[in-house]
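Read off the chains here:
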Amino acid sequence: MEKNWICLVCGASVTGADKPAACPVCGAGAAALRTAEPAADTPESAHTGAPQGADTVWVCSICGWKGEGETPPERCPICGAGAGAFAPEAKPEAKEPEAEPAQGADTVWVCSVCGWKGGGETPPERCPICGAGAGAFAPEAQPEVKEPEAEPAQKRWRCTICNMVFEGEAPPDPCPVCGAGAAAFVEEAAETDEAREDTDEAFVIIGCGAAGCEAAKTIRRRNARASVTLLCGEGELPYNRPALSDVLAGEMTYDQALLDTEAGFAGAEIQIVYDKAAAVDRAQKRVSLAGGGELFYDKLLLATGANAFCPIPQKEGGLPVRTLRTKADAEEIDRLIGGSRTAAVLGGGILGIEAALAMRARGLEVTVIERSGRILSIQGDPAASQRLQEHLEGLGIRVLVDSGVEDTDGAGVLLRGGAHLDADFLLVCTGVRSELTLARGCGLVVNRGVLVDETMRTSDPDIYAAGDCAEFGGRVAGLWSAALAQGRTAGLAMAGAQAEYSPIVPATALEDGEFKLFSAGAVGAKEHKRILLDDPASRVYKALYFDDDKLCGAVFLTDVSGAAAAMDAIEKAMARDMAMLLLL
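Because the structure is a prediction, the values reported are computed rather than measured.

Parameters and conventions
- Residues numbered from 1 in each chain as written.
- Predicted model: local features only at pLDDT ≥ 70, side-chain atom pairs only at ≥ 80, totals over all residues.
- Heavy atoms only, no water.
- Helix = DSSP H or I, 4+ residues; strand = E, 2+ residues; numbered from the N terminus.
- Buried < 20%, exposed > 50% of the residue type's maximum accessible area, 1.4 Å probe, protein only.
- Areas by Shrake-Rupley, 256 points an atom, 1.4 Å probe, with all protein chains shown as cover.
- Pairing = 2+ DSSP bridges.
- Contact = heavy atoms within 4.5 Å.
- Axes fitted to C-alpha atoms, helices over the stretch in contact; angles between N-to-C directions.
- Salt bridge = Lys/Arg side-chain N within 4 Å of Asp/Glu carboxyl O.
- Phe/Tyr/Trp six-rings, centres within 6.5 Å; stacked < 30°, edge-to-face > 60°.
- Lys NZ or Arg CZ within 6 Å of the ring centre and 35° of its normal.
- Expected span 1.5 Å × (residues − 1).
- Left-handed = near helix turned anticlockwise from the far one by under 90°.
- pLDDT = per-residue confidence, 0-100.

**Section: the overall build of the protein chain**
The helix and strand inventory of the protein chain stands at ten helices and 37 strands. Scored against the burial criterion, the 584 residues of the protein chain give a buried share of 44%. With the model as given, the accessible surface of the protein chain reaches about 29,600 Å², and the carbon-plus-sulfur share is 50%.

What follows is the structure in structure tokens.
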């Protein structure tokens, strides 16, 4: 069968059944000859000159040159190949155009020629810089929106003296509650949601001191759905009682002494009620309020605290006699300081000492009166008491031991033994007594405090007690640190978690200028063995007390850097050989 062979080089046509060995016109080899009949996979228009459209692109298969037209050129202008060497350029697969994102009035358009930018709903018709048309513009790429990275959890620092926990990269220095230095802090593990149980229970807490606040926040952390109500009988937001002396000294404001703000309690969904509880009806599970309202509870916590004990009566028109227990007390004492020259403080414990220092810092002549043979007789050993007395006297504070107040008159106080001490007012710091009115009124079992078990539960299974009103193991702790621990235990138990209270090691910290004191545990008892380091040159004093060769107490003066380690060792009743390292 005869075939028509076309030379791809010169375009000549040769007829024959077999492919010629060479083109008879230009001499091109057999590889340059192609049959004019279309291949099965070649478009019928290829090599035949069939019209393809005016904008068809023809590709030379010899040199790759491209040209447009309805038919291929008769000869390639580059390599001279004939029309048969051309084929239409393959068209890319048609795709649905992607929808352009809607552009708003504030879209920024970028000129791809000169980089000029302009805003608007559509691109400008012409770039004002380089003159490029609208097609040269594209919307400015928007930065990728990233989810904000979660802030790293703040470290939690627990003061080993007062048991208060603070958050931050470093512990506060000093502790805002007890005044201990940074060395008294240990890092606390982050809290978990273990034992979490969300219920619709109603929790009512009477009292908003350390125990009440800690219980409320603990309950909320364990139960997101329950109602938590905190009664603040003083009509004030919860505040730090130990810091009242700092407020009097002008070293802290009342706002800085707050345990939390209105916003903080609202954010935790803890309702604050500024009213006093008048009575508790255990049968109806109802708390009657002094203002006339009432609250119903599923679980109730009594955190009513204690009242200042004042053995010296206030005489009508006589010398002002005050105690320091509440914000209202501090405000009244602040007023008295402003109009006074002299003051007497009855009680040489830590509260009396701190109050005396505060009033001396305000310019008053101050006398401390202590009935025992030394100041700080419970919190310190004899050496610490003596050093502290020397420090106070160096500041101009007079200290009277083995003394007391028999009476007052308009000009001052009558001391035990008959001497008279001039004073413009008397501040009494002789301890506290548990507030038990509500507990007695509703029939709970009480002694010196409301009797509680290790979960802080009272004789009523739905009523708990914590803080200065609670008695555990025959003792009312009367410590801020113990109130925090008891409040937390009560909150956990009320919310259904397993919790048991362990008595807190009592500790005291006092820092005033160069004088630094740390004391913890049982100190000063004659039956305990004492091992000490006393360096008069540096005034560093360290005393360790042992009961049956187990560490039970410690007193540090000047160098208190080992406070946290000492607390840990006392809690563990560390053996003497290991505890001796605390003296280094």
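**So, the pairing of strand β35 (residues 529–535)**
Here seven bridges tie β35 to strand β36 (residues 540–547), and the two strands are oriented antiparallel to one another. Following the sheet pairing, Leu-532 is matched in β36 by Ala-543. Two successive antiparallel strands, β35 and β36, enclose a turn made up of four residues, where Arg-539 displays a positive phi of approximately 60°.

**Some thoughts on the side chain of Arg-325**
Among the structural elements, Arg-325 can be located in the loop between β21 (321–323) and α4 (327–338). When near neighbours in sequence (up to four residues on either side) are disregarded, Arg-325 contacts Tyr-239, Arg-241, Leu-244, Ala-306, Ala-308, Val-432 and Asp-468.

**Focus: the sheet that holds β35**
Spatially, the five strands line up as an open sheet ordered β33-β34-β37-β36-β35, and their pairing is antiparallel. Among the strands making up the open sheet, the edge pair consists of β33 (507–512) and β35. The average angle at which neighbouring strand axes cross in this sheet is 10°, direction not considered. Relative to strand β37 (residues 550–557), β36 runs antiparallel, the two sharing seven bridges. Along β37, the bridge assignment pairs Tyr-545 with Gly-553.

**Focus on the sheet that holds strand β12 (residues 185–188)**
Taken in spatial order, the three strands of this open sheet run β11-β10-β12, and their pairing is antiparallel. Strand pairing shows two members of the sheet lacking a second neighbour, β11 (165–167) and β12, which therefore form its edges. Taken pair by pair, the neighbouring strands of this sheet meet at an average axis angle of 35°, ignoring direction.

**Looking at the pattern of salt bridges**
Overall, the coordinates contain 25 salt bridges when judged by the stated rule. As a salt-bridge pair, Arg-225 and Asp-200 come within 2.8 Å of each other at their nearest N and O atoms. With Arg-225 in the loop between α1 (210–222) and β14 (227–231) and Asp-200 in the loop between β12 and β13 (202–206), the pair connects residues that are 25 residues apart, well separated along the chain. Asp-568 is paired through a salt bridge with Lys-572; the nearest N and O atoms lie 3.1 Å apart. On the accessibility criterion, Lys-572 (57% relative accessible area) is exposed.

**A word on the packing of aromatic side chains**
Within the structure shown, the criterion is met by three aromatic pairs. For the ring pair Phe-472 and Tyr-501, a centre distance of 5.4 Å and an interplane angle of 80° mean the geometry is edge-to-face. With a gap of 29 residues between them, Phe-472 in the loop between β32 (470–471) and α8 (480–494) and Tyr-501 in the loop between α8 and β33 connect regions that are remote in the sequence. On the basis of relative accessible area, Tyr-501 is assigned to the buried category, the value being 7%. Looking at Lys-327, its charged tip hangs above the ring of Tyr-254, at a distance of 5.0 Å from the centre. Here the guanidinium or amino end of Lys-542 rests over the ring plane of Phe-556, the centre of that ring lying 5.4 Å away.

**A closer look at helix α6 (residues 382–394)**
Given a rise of 1.5 Å per residue, 13 residues ought to cover 18 Å, and the 18 Å separating the end C-alpha atoms of α6 matches this to within 8%. Of all the positions in α6, only Ala-384, Ser-385, Arg-387, Leu-388, Gln-389, His-391 and Leu-392 are classed as buried. Gly-396, located one to two residues past α6, shows a positive phi value of around 95°.

**Topic: the packing of α1 against α8**
α8 packs onto α1 with a crossing angle of 35° between their chain directions and a minimal axis gap of 7 Å. For the element pair α1 and α8, the recorded crossing hand is right-handed. For the pair α1 and α8, contact is made by Ala-210, Ala-211, Glu-214, Ala-215, Thr-218, Ile-219, Arg-221 and Arg-222 and by Trp-480, Ala-483, Leu-484, Gly-487, Arg-488, Gly-491, Leu-492 and Met-494, respectively.

**Topic: the confidence of the model for the protein chain**
On average, residues of the protein chain score 88 in pLDDT, and 88% of them are at 70 or above. Segment residues 38–50: pLDDT under 50, and ten contacts once partners within four positions in sequence are set aside and those in other chains are kept.

**Some remarks on unusual backbone geometry**
Cis peptide bonds are those with omega within 30 degrees of zero, and the linkage from Asp-173 to Pro-174 qualifies with 5°. Position of Pro-174 relative to the elements: it lies in the loop between β11 and β12. Here Asp-549, not a glycine, exhibits a phi torsion of approximately 65°, which is positive. Within the secondary structure, Asp-549 is located in the loop between β36 and β37.

**Thoughts on the environment of Ala-470**
Its location among the elements puts Ala-470 in strand β32. The spatial distance from the C-alpha of Ala-470 to the C-alpha of Asp-453 is 9.8 Å, given a sequence separation of 17 residues. Discounting chain neighbours no more than four positions away, the residues touching Ala-470 are Val-450, Val-452, Ala-465, Arg-475, Val-476 and Gln-486.

**With respect to the pairing of strand β34 (residues 515–521)**
Of all seven residues in β34, five are buried; the element is thus mostly enclosed. Alignment of β33 against β34, held across six bridges, turns out to be antiparallel. What sits directly across from Glu-511, in β34, is Lys-516. Taking the residues that link successive antiparallel strands as the turn, the β33-β34 hairpin has two residues, and the phi of Gly-513 there is positive, at about 65°. As paired elements, β34 and β37 share five bridges and run antiparallel to each other. Note on β37: the bridge partner recorded for Ser-519 is Val-555.

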